[in-house]
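Chain and residue survey
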Amino acid sequence: MHKIYTFLKYTFITLWTVFIVAPFLWAISTSFKDFQSVNSKVTYIPWLDFEPTLEGWRVLVKSPARGGVDIVEPYFNSIFVTCTASLISIILGTLAAYALSRFTFKAGFVRNNDITFFFISQRIMPPIVLSIPFFIFLSTIGLLDSLLGLVVVYIVLLMPIAVWIMVDFFNRVPKELDETALIDGCNPYQAFYKVVLPNSIPGLIVAGMFCIIFGWIDFFFAFILTFTEVQLLPVKVVALNSSITPWWSLSASALISVAPLIIVAFVVERYLSKGNLSGALK
Amino acid sequence: MNLIGKNITYKPDNQFHLKDVSFDFKKGNLYTILGRTLSGKTTFLKTIAGLLTPDTGELSFEDKDFRKIPVWERNVAMVYQQFINYPHLNVYENIIFPLKQRKLSEEQIKIDVEGALKTVGLVGFENRKIQELSGGQQQRVALARSLAKKAKILLLDEPLVNLDYKLREQLREEFKRIFSEGLSQDTILIYSTTDPQEVMELNGEVIVLDEGKVLQKGAAKEIFENPKNLKVAEISNDPPMNILKGIKSSNELNFENISINLPTYFKNLEDQNYYFGIRASEIKLDNKGEEFEIELAEISGSETLLHLKRGDSKIIALIEEVMNFKIHEKVKVKFNENKFYAFNNNEELVSSPYGVLNG
């Protein structure tokens, strides 16, 4: 019985791994092909099936004037927008979450849970509903087609995630910890940054990771709120797909755009599994 | 110069957590707050610490209005029943935390911390992480942090309740030593607990709290000998004092068709209905005694608690050895007739084997 279970378990895991990894291998293989190797017949293994070339990768860093597609600038644009928006979202979101977790707010019929729901409700709406208001808003304040405008919009998208995760985290930090800090001579601000914050690193990392992922993969707002001045990576990658699809450079750019997320996932996984974060608080 | 509370009431959402609580705590004394869970003990301590603001009433310390001083400026220390330490700091850093907050000199901090570590028996554990310590050790760290601070008011909120039986016994012993040698004459120590045995052993001034009200104040011995009413008698004994509804006549007590010779000190009572109280330890197994049915037998440590039933009355007897009993079996028990308490129909104490103090 136990053996059958183990067998089934590993079979399932193997199939799932193949299902996940195969497209990556396919993309890696494709990124080293040229027009001939993609279009003539089905080929898999470099050197054996086809002659590998770095052309697909080289195009990505060449300037358009020299026949390249230059994804370097969109790449750094994406990094700047994602990191800035994530950082601001985490700072504001953590402060908001702490207040919502520890203090009681009353304004008419509005209570803490209503405020928390207000934040989360921003994510319940389909993004398309927000597209026209955002467009008008950014065009009114003159931030359409600019990095700053995108940062503003992404904060709106990412802060609810930070608030949601951090409220849940703070609710599990015993209130007695803050109280002990107060009794030990901290004023409420000191209690927050000397005691609560250092013990919230696991929550901050998880919230930060989610913000980065959601910010990095957004295509919709990056697409409708930018035109010519700035471009973010997802839009640029899709734009590669013209009348003749350059599968080789498309694969290469797809691979380097998921690379940061893979690194984030591995680092966090390592960090969490070391155990120095999980279980810091009972 | 004392810590004085006058008619303190705390009622969030119109539910009384504290109702008209008054007290006068003197420096160098130990006060124990005895009450069941949810009786308002923690609220009481948090009010003194300043974590909660009472709705009405006055609170003053050293002739200053304590209500106007925020928590972080009151010189208090508190140990919670949950083992609360700073998880991101090691043992040493935990203990110096309040001292650094008060900006004491390095040398002073060193002396204070070493003293505190010695008192709680954690020398050599300075660099351990909090998560590596056992529950008892974590609670020692919390206690050391409170002691090192040399606060003028030290609050301990059921500090032993989350520890296992053996450790509790051991720490309770140590507490007595720590309180007698580790504290200055300037400190007011307030200790809350649900455990009457702790109260008796610590032997301080007792405040019996129930549903946010003070039921009785007095020395531990006084509470033991003269519980003011039925509630206090129940709260201040573990297992709770057995209460039997019965009648007193000229030469005997009657309850559940059992007759007991009248204790001499009951002579002056009127012949009428009373609640008779007797401690579980004053009921013994005896073949010549009265027959009861066993409802439950609990073995705790080296003792057996027998839950017995006869008619409408349920009592608990404490047998000082481990014995096996079958449920629904009949046993015979004898009451120690010189240890009966009598409470009148208003549930107030009218006679005790030790004599009633306030008439």
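Residues numbered from 1 in each chain as written. Chains lettered and ligands numbered in written order. Predicted model: local features only at pLDDT ≥ 70, side-chain atom pairs only at ≥ 80, totals over all residues.

All names here are of chain B. Each domain of chain B was delimited in the assignment, giving domain 1 (3–228) and domain 2 (233–351). Here domain 1 and domain 2 have C-alpha centroids that lie 36 Å from each other. At the junction of the two partners, domain 1 supplies 13 residues and domain 2 supplies seven residues. At the level of secondary structure, the elements contributing two or more residues to the side of domain 1 that touches domain 2 comprise helix H6 (196–202), strand S9 (205–210) and helix H7 (220–225). (Domains from an automatic or database assignment. Contact = placed C-beta atoms within 7 Å. Helix = DSSP H or I, 4+ residues; strand = E, 2+ residues; numbered from the N terminus.)

With that out of the way, let us pick up the domain arrangement of chain A. Residues and elements named next belong to chain A. Domain annotation for chain A reports domain 1 (2–53) and domain 2 (72–273). Using C-alpha coordinates to define each centre, domain 1 is positioned 34 Å away from domain 2. Listed per partner, the contact involves seven residues of domain 1 and six residues of domain 2. For the side of domain 1 that touches domain 2, the element with the most residues is helix H1 (residues 2–31), which contributes four residues. Residue composition of the side of domain 1 that touches domain 2, grouped by class: three nonpolar, two polar and two charged. (Nonpolar A, V, L, I, M, F, W, Y, C, P; charged D, E, K, R; others polar.)

Another point: the interface of chain A and chain B. Between chain A and chain B, the residue contacts involve 17 residues of the former and 18 residues of the latter. The residue makeup of the side of chain A that touches chain B, split by class, is nine nonpolar, five polar and three charged.

For the rest of this paragraph, the subject is the sheet that holds strand S11 (residues 242–248) of chain B. Residue and element names in this part refer to chain B. The six strands are arranged S13-S12-S11-S14-S19-S20 in an open sheet whose pairing can be described as antiparallel. The sheet terminates laterally at strand S13 (258–261) and strand S20 (349–351), the two strands that pair on one side only. Taken pair by pair, the neighbouring strands of this sheet meet at an average axis angle of 40°, ignoring direction. Across six bridges, the pairing between S11 and strand S14 (residues 273–278) is antiparallel. If you follow Asn-242 over to S14, its bridge partner there is Ile-278. (Pairing = 2+ DSSP bridges. Axes fitted to C-alpha atoms, helices over the stretch in contact; angles between N-to-C directions.)

Another aspect to go through is the pairing of strand S3 (residues 30–34) of chain B. Each regular strand shows side chains that alternate between the opposite faces of the sheet. Residue and element names in this part refer to chain B. Burial within S3 is extensive, with four of its five residues counted as buried. Where S3 lies against S9, four bridges are found, and the strand directions are parallel. Within the sheet, the bridge partner assigned to Ile-33 lies in S9 and is Ile-207. (Buried ≥ 20, exposed ≤ 12 C-beta atoms within 10 Å, placed from the backbone.)

Here we take up unusual backbone geometry. In this model, Asp-238 of chain B is joined to Pro-239 of chain B through a cis peptide bond whose omega is 0°. Relative to the helices and strands, Pro-239 of chain B resides in the loop between helix H8 (230–235) and S11. Of note, the phi angle at Asp-145 of chain A is positive, near 60°, even though the residue is not glycine. Among the structural elements, Asp-145 of chain A can be located in the loop between helix H6 (127–140) and helix H7 (147–172). A positive phi angle, near 75°, is found at His-328 of chain B, a position not held by glycine. Turning to its location among the elements, His-328 of chain B is positioned in the loop between strand S17 (313–319) and strand S18 (330–335).

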